[in-house]
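# An overview of the molecular structure
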Amino acid sequence: MKLSNIVDRINGNVNRFTTDLQYYIGGEHMDSNELEITGRGMLKENLGKLGFKFHFAFQERDVIFMARNPHLRKAGMVMFAGLCSDASYILRSKDENIITQEFLAVQLQSDHFWDYCERTKVGSVNFANNWTSIANYEFDLPPIEKQKEISQKVWAAYRLKGSYKKLLAATDEMVKSQFIEMFGNPLSQVQRYPLEKLGDCCELNPRRSSISLSDTDMVSFVPMPCVSENGYLQDVADEEYGKVKKGFTYFENNDVLFAKITPCMENGKGAIAQELTNGIGVGSTEFHVLRPLEGKSNSYWLLALTRMSIFRERASKNMSGTGGQKRVGAPFLDNFMVGLPPIEEQIRFERIYKQADKSKFELRKSIDAIDAVIKSLINI
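In this report, the structure presented in the accompanying data block is examined. (Residues numbered from 1 in each chain as written. Predicted model: local features only at pLDDT ≥ 70, side-chain atom pairs only at ≥ 80, totals over all residues. Heavy atoms only, no water.)

### A closer look at the sheet that holds strand 1 (residues 7-10)
To keep it simple, the criterion reads: Note on pairing: two strands pair once DSSP finds at least 2 bridges between them. Secondary structure elements follow DSSP: runs of H or I of four or more residues count as helices, runs of E of two or more count as strands, with numbering from the N terminus.
On the basis of which strands lie adjacent, the open sheet formed by five strands has the order 1-9-6-7-3 and mixed pairing. Whereas interior strands pair on both sides, the edge strands pair on one side only; in this sheet they are strand 1 and strand 3 (36-37). Looking at chain direction, strand 6 (residues 63-66) and strand 9 (residues 88-93) are connected through four bridges and run antiparallel. The partner of Met-66 across the bridge, within strand 9, is Ser-88.

The following block contains the structure:
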């Protein structure tokens, strides 16, 4: 079945200045590989920054496909009404006795659809799919009862995944709340522990120690993408020490990495360096390294402190540079005043942090398993 035979593109113009609609959706509100679009912006609060292209109105249960950058795989159903720009296509079934909105959303998450988008995209830098190519997309359309059966299973799995993601977020919030409960707000005027400069609580950007590695020995190589916004190292590869010993940041096991450049810093990129090959890591020059001092500071306390949103907000106000090259300088970290808790309390916090990590690991495993089920159901 050809898409345009059973689905309409909704493109009626609406005046964003006079409409009663409350929300708008841009590409930043859409997550890759998600059936439902939950992100949104408040229309009235952002009229000044929205371009003239935001004039297409969608309604609840419409499916929205972002035409630009198809490799990002952004398409999903909305459960609210609002506006989007002409960079997105609003899709609505001509007759839900032929294709349901729920199945349409499922079909647009299939590998078959995204492979088609890749083959038919146009442009040399900013790739996009024009409406003609999307309208001509053809796929096997199951009978309506089969559509409902598939959709019910996929959406049930998707809702279950959403529940696990909420538990994951709640666990993160619990750790943050525990930090505040144990140590207080690090920006408060009144601290429960004696104030010290952060630079005196840890060794900031430590010098490279004398090591016995040869140039052919392997070490962990950590570019910026290997540090997640959730506080972990990911997809770390090994490299010969001789190839990376110059021109990169050096660190060791249990050091804390802090991304200093925008937008990585604002997004919370930071992690404890753990399980490094030969105990050594080298990585992006856009990291500050905080090394805990034995008997005085703990890696988990340092990580939790430097990943707190209030800490990052203060750091962002102390960045220097212009545009995408703004950075947090070492003096900010060195001179930041913080109440230093006893090492025993920091170690107790570490135990809580690690227990939460175990719970999050199990939750992520469940989410991955559900994703695999969803993918298998979609690509039947």
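Right, picking up where we left off after that structure.
### Remarks on the layout of surface pockets
For the record, the criterion: Put simply, the grid is 1 Å and covers the protein atoms alone, a cavity is a trapped set of points that fit a 1.4 Å probe, a pocket is an open set with protein on both sides within 12 Å along at least five of seven lines, and lining residues have an atom within 4 Å of a point. Grid points are joined across faces, edges and corners, and a volume is the space filled by probe spheres set on the points. Residues are grouped as follows: nonpolar covers Ala, Val, Leu, Ile, Met, Phe, Trp, Tyr, Cys and Pro; charged covers Asp, Glu, Lys and Arg; every other residue, Gly included, is treated as polar.
Estimated volume of the largest pocket: approximately 890 Å³. Looking at the largest pocket, it is lined by 28 residues, and the ones nearest its centre are Asp-172, Glu-229, Asn-230, Tyr-232 and Arg-307. Put simply, the parts of the chain that give the lining of the largest pocket at least two residues each are helix 5 (144-183), helix 8 (299-307) and helix 11 (343-378). In terms of residue count, helix 5 provides more of the lining of the largest pocket than any other element does, eight residues in total. For the lining of the largest pocket, the class distribution of residues is twelve nonpolar, six polar and ten charged.

### Structural notes on the side chain of Ser-151
Operational definition: Per-residue accessibility, obtained with a 1.4 Å probe over protein chains only, is compared with the maximum for each type, and a residue is labelled buried under 20%, exposed over 50%, and partly exposed between these values. Any two residues whose heavy atoms approach within 4.5 Å at even a single point are treated as in contact.
Within the secondary structure layout, Ser-151 lies in helix 5. Owing to a relative accessible area of 5%, Ser-151 belongs among the buried residues under this scheme. Not counting residues within four places of it along the chain, the set of residues in contact with Ser-151 comprises Thr-100, Glu-102, Phe-103 and Val-106.

### Let's talk about unusual backbone geometry
Cis rather than trans, the peptide bond between Thr-262 and Pro-263 has omega equal to -5°. Phi is positive for Arg-61, which is not a glycine, with a value near 80°. When you line up the elements, Arg-61 lands in the loop between strand 5 (54-58) and strand 6. You will see that Asn-69, though not glycine, has its phi angle at about 50°, which is positive. Relative to the elements of secondary structure, Asn-69 occurs in the loop between strand 6 and strand 7 (75-78).

### Quick notes on the sheet that holds strand 18 (residues 287-292)
The line we're drawing: To obtain an axis, a line is fitted to C-alpha atoms, over the contacting stretch when the element is a helix, and the angle between two such axes runs from 0 to 180 degrees between their N-to-C directions.
The four strands are arranged 11-18-15-16 in an open sheet whose pairing can be described as antiparallel. Each of the sheet's edge strands pairs with one partner strand only, and the pair in question is strand 11 (202-204) and strand 16 (270-272). Within this sheet the neighbouring strands show an average axis-to-axis angle of 20°, counted without direction. Contacts from helix 8 reach strand 11, strand 15 (256-259), strand 16 and strand 18 within the one sheet, and its direction differs from that of strand 16 by about 175°.

### Structural notes on empty space enclosed by the protein
Applying the stated criterion across every chain yields a total of one cavity of 30 Å³ or more. As for the largest cavity, its lining consists of Phe-179, Phe-183, Gly-184, Pro-186, Gln-191, Trp-301, Leu-305, Val-338 and Gly-339. Its residues assigned to classes, the lining of the largest cavity comprises six nonpolar, three polar and no charged.

### Brief notes about the packing of helix 8 against helix 11
Defined as follows: Angles below 35 degrees are treated as roughly parallel, those above 145 as roughly antiparallel, those between 65 and 115 as roughly perpendicular, and all remaining angles as oblique.
Between helix 8 and helix 11, the shortest axis-to-axis distance is 8 Å and the interhelical angle comes to 75°. By the angle between their axes, helix 8 is roughly perpendicular relative to helix 11. Every residue of helix 11 that contacts helix 8 at Tyr-300, Trp-301, Leu-303 and Ala-304 is listed here: Gln-346, Phe-349, Glu-350, Tyr-353 and Lys-354. Looking at the contact of helix 8 with helix 11, its residues break down into six nonpolar, one polar and two charged.

### Some words on the pattern of salt bridges
Where charged atoms of side chains with opposite charge meet at close range, the side chains can pair. Defined as follows: In what follows, salt bridge is the name for a side-chain nitrogen of Lys or Arg lying within 4 Å of a carboxyl oxygen of Asp or Glu.
Across all of its chains, the model carries 24 salt bridges by this definition. Across the pair Glu-173 and Lys-176 runs a salt bridge whose closest N-O atoms are separated by 3.5 Å. Residue Glu-173 and its partner Lys-176 are both found in helix 5; the two are separated by three residues, about one turn of the helix. A relative accessible area of 40% means that Lys-176 is categorised as partly exposed. Close ionic contact of Glu-196 with Lys-296 constitutes a salt bridge, the shortest N to O distance being 3.0 Å. Placement of Glu-196 in strand 10 (residues 195-197) and of Lys-296 in the loop between strand 18 and helix 8 is noted, with a sequence separation of 100 residues between them. Note on Glu-196: relative accessible area 24%, which makes it partly exposed. Looking at Lys-296, the relative accessible area reads 26%, which means it is partly exposed.

### Observations regarding the packing of aromatic side chains
Let me state the cut-off plainly: Centres within 6.5 Å make a pair out of two Phe, Tyr or Trp rings, where for Trp the six-membered ring is used; the pair is then stacked when the planes are under 30 degrees apart, edge-to-face when over 60, and tilted otherwise.
Under the definition given, this model contains 22 aromatic pairs. On the basis of an interplanar angle of 75° and a centroid distance of 5.6 Å, the ring pair of Tyr-23 and Phe-80 is categorised as edge-to-face. In this pair, Tyr-23 sits in strand 2 (residues 23-25) while Phe-80 sits in the loop between strand 7 and strand 8 (82-85), placing the two residues 57 residues apart along the sequence. Relative accessible area serves as the criterion here: at 21%, Tyr-23 is assigned to the partly exposed category. Ring geometry for Phe-179 against Phe-183: centres 5.0 Å apart, planes inclined by 75°, an arrangement best described as edge-to-face. Separated by four residues within a single helix, Phe-179 and Phe-183 lie in helix 5, roughly one turn from each other. Of the two residues, Phe-179 and Phe-183, both sit in the buried class. Ring pairs connect the aromatic residues Phe-65, Tyr-89, Phe-113, Trp-114, Tyr-116, Trp-131, Tyr-137 and Phe-139, which therefore count as one cluster.

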